[in-house]
Amino acid sequence: MTHKLAIVGVGKIARDQHIPAIAANPNFELTATASRNAEVGGVPAWRDLASLLDAKPEINCVSLCTPPQVRYSDARLALEAGRHVMLEKPPGATLSEVHDLVRIAKERELTLFATWHSRHAAAVAHARNWLRGKKILRLAISWKEDVRQWHPGQEWIWEAGGLGIFDPGINALSVMTEILPQSVHLKQAELFFPSNRQTPIAAQLEFHDPCEAEISAELDWREQGPPAWNIEVETTVGTAKLSEGGAKMEIDGTETAVGHDAEYPGLYARFADLLDSGESDVDLKPMLHVSDAFTLGKRVTVEPFDW
Ligand code: NAP
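The following paragraphs examine the structure supplied in this document. (Residues numbered from 1 in each chain as written. Predicted model: local features only at pLDDT ≥ 70, side-chain atom pairs only at ≥ 80, totals over all residues. Heavy atoms only, no water.)

**Details of the environment of glutamine 154**
Then step 1. On the secondary structure map, glutamine 154 appears in the loop between α6 (147-150) and α7 (166-179).
Then step 2. Spatially, the C-alpha atom of glutamine 154 lies 31 Å from that of alanine 272, the residues being 118 residues apart in sequence.
Then step 3. Beyond its immediate sequence surroundings of up to four residues, glutamine 154 is in contact with Lys12 and Trp307.
Then step 4. At a separation of 3.0 Å, a polar atom in the side chain of glutamine 154 contacts the side chain of histidine 151. (Helix = DSSP H or I, 4+ residues; strand = E, 2+ residues; numbered from the N terminus. Contact = heavy atoms within 4.5 Å. Polar contact = N/O pair within 3.5 Å; in protein donor to acceptor, adjacent residues only side chain to side chain.)

**A short note on the site of the ligand**
Then step 1. Neighbouring the ligand are 23 residues, the closest being Ile13, Ser35, Asn37, Arg71 and Asp167.
Then step 2. At 2.8 Å, a backbone N or O of lysine 12 approaches an oxygen atom of the ligand.
Then step 3. In isolation the ligand has 870 Å² of accessible area, and contact with the protein removes 81% of it.
Then step 4. Partitioning the shell around the ligand into residue classes produces ten nonpolar, seven polar and six charged. (Near = heavy atom within 4 Å. Areas by Shrake-Rupley, 256 points an atom, 1.4 Å probe, with all protein chains shown as cover. Nonpolar A, V, L, I, M, F, W, Y, C, P; charged D, E, K, R; others polar.)

**With respect to the packing of aromatic side chains**
Then step 1. Per the counting criterion, the structure on display carries eight aromatic pairs.
Then step 2. Note on phenylalanine 166 and phenylalanine 294: the rings are 5.4 Å apart at their centroids and 55° apart in plane angle, and the pair reads as tilted. One end of the pair, phenylalanine 166, is in helix α7; the other, phenylalanine 294, is in helix α9 (residues 285-296), with 128 residues separating them in the sequence.
Then step 3. By relative accessible area, which is 0% here, phenylalanine 166 ends up buried.
Then step 4. A relative accessible area of 36% means that phenylalanine 294 is categorised as partly exposed.
Then step 5. Their ring planes at 85° and their centres at 5.2 Å tell us that phenylalanine 305 and tryptophan 307 sit as a pair that is edge-to-face.
Then step 6. Relative accessible area serves as the criterion here: at 5%, phenylalanine 305 is assigned to the buried category.
Then step 7. Tryptophan 307 gets classed as partly exposed once you look at its relative accessible area, which sits at 37%. (Phe/Tyr/Trp six-rings, centres within 6.5 Å; stacked < 30°, edge-to-face > 60°. Buried < 20%, exposed > 50% of the residue type's maximum accessible area, 1.4 Å probe, protein only.)

**Describing the sheet that holds strand β8 (residues 185-194)**
Then step 1. Judged by pairing direction, the sheet is mixed, and its nine strands sit side by side in the order β14-β13-β12-β11-β7-β10-β9-β8-β15 without closing on themselves. A strand with exactly one partner marks an edge of an open sheet, and here the two such strands are β14 (254-255) and β15 (298-302).
Then step 2. Set on the sheet, α7 makes contact with β7 (136-144), β8, β9 (202-208), β10 (214-220), β11 (228-235) and β12 (238-243); between it and β7 the angle comes to about 155°.
Then step 3. Packing of α9 onto the sheet brings it into contact with β8, β9 and β15, and relative to β8 it is tilted by some 70°. (Pairing = 2+ DSSP bridges. Axes fitted to C-alpha atoms, helices over the stretch in contact; angles between N-to-C directions.)

All we've got here are geometric facts, nothing functional implied.
Take a look at the structure:
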């Protein structure tokens, strides 16, 4: 069956990743878009989701590519109109609103898919399999990029609910929670807020691991030059290093073959499977760690940020 899909929020990630991944997947047809200011050439366009859903009853699923602060209202609208929903990361602005979406989807027997694109990076499954059964001594996340290069002009990332450095940092946490065999929890955090902004520009996290590994994360948007999106995992029998956001993996300095990178094609393949099986997939672990960081983290004020 070809699913007739609508995209909400025609912005950077919709254009860079969703539209090409949908075009390459025969299970989906991009049937319409809802965006206040943008359109995709040749695709019927509406300014808001409510009018789109009214006008296009044949649309059976909606992919939400808007910033997190506005995701809940559209997700709820789509579910209440009987449509399946795919959510960009993070799946919402709060945990409780996502729990509410889970409830609505369950009551209406609809699919709700909270995506974590970095988990589909080429080397992540390989890292998870390699770590299985090994004694982990240390896991260190280093996720550093230049916010001016990767989020040019995006004001919502600096507004409450926009997550600041956790917008990319949650990708690292989605990989960590995918590859670690055990569950860990945050024990200490420092969040660095520019004096003129509502969200942090950098964060340092330390986790408690019941299996006694040292687990830490350094997230920073003040990096100049090429980004570092790395996770190093030291075990008693060798050290694995995931780099390029999980696209590459080395074991003790030797690159291992891991296949092709296909994050968004992987997400749409998974969405098609979920639609076929009538299931949902909502894993809130990465968001829980971010929420804990805002609850527990010591707030440090740093110099103002301007573009
Ligand atoms: P974006 O381009 O700034 O925003 C996407 C679109 O959402 C905007 O173009 C805008 O289109 C619409 N929108 C609706 N309400 C909005 C509001 N209150 N403020 C701003 N825009 C609003 O953002 P993005 O980079 O695509 O990110 C969207 C989501 O995808 C985020 O949750 C992000 O974490 C995730 N994501 C982004 C990337 C990336 O590389 N950029 C990668 C992976 C995931 P209209 O003005 O036409 O309504």
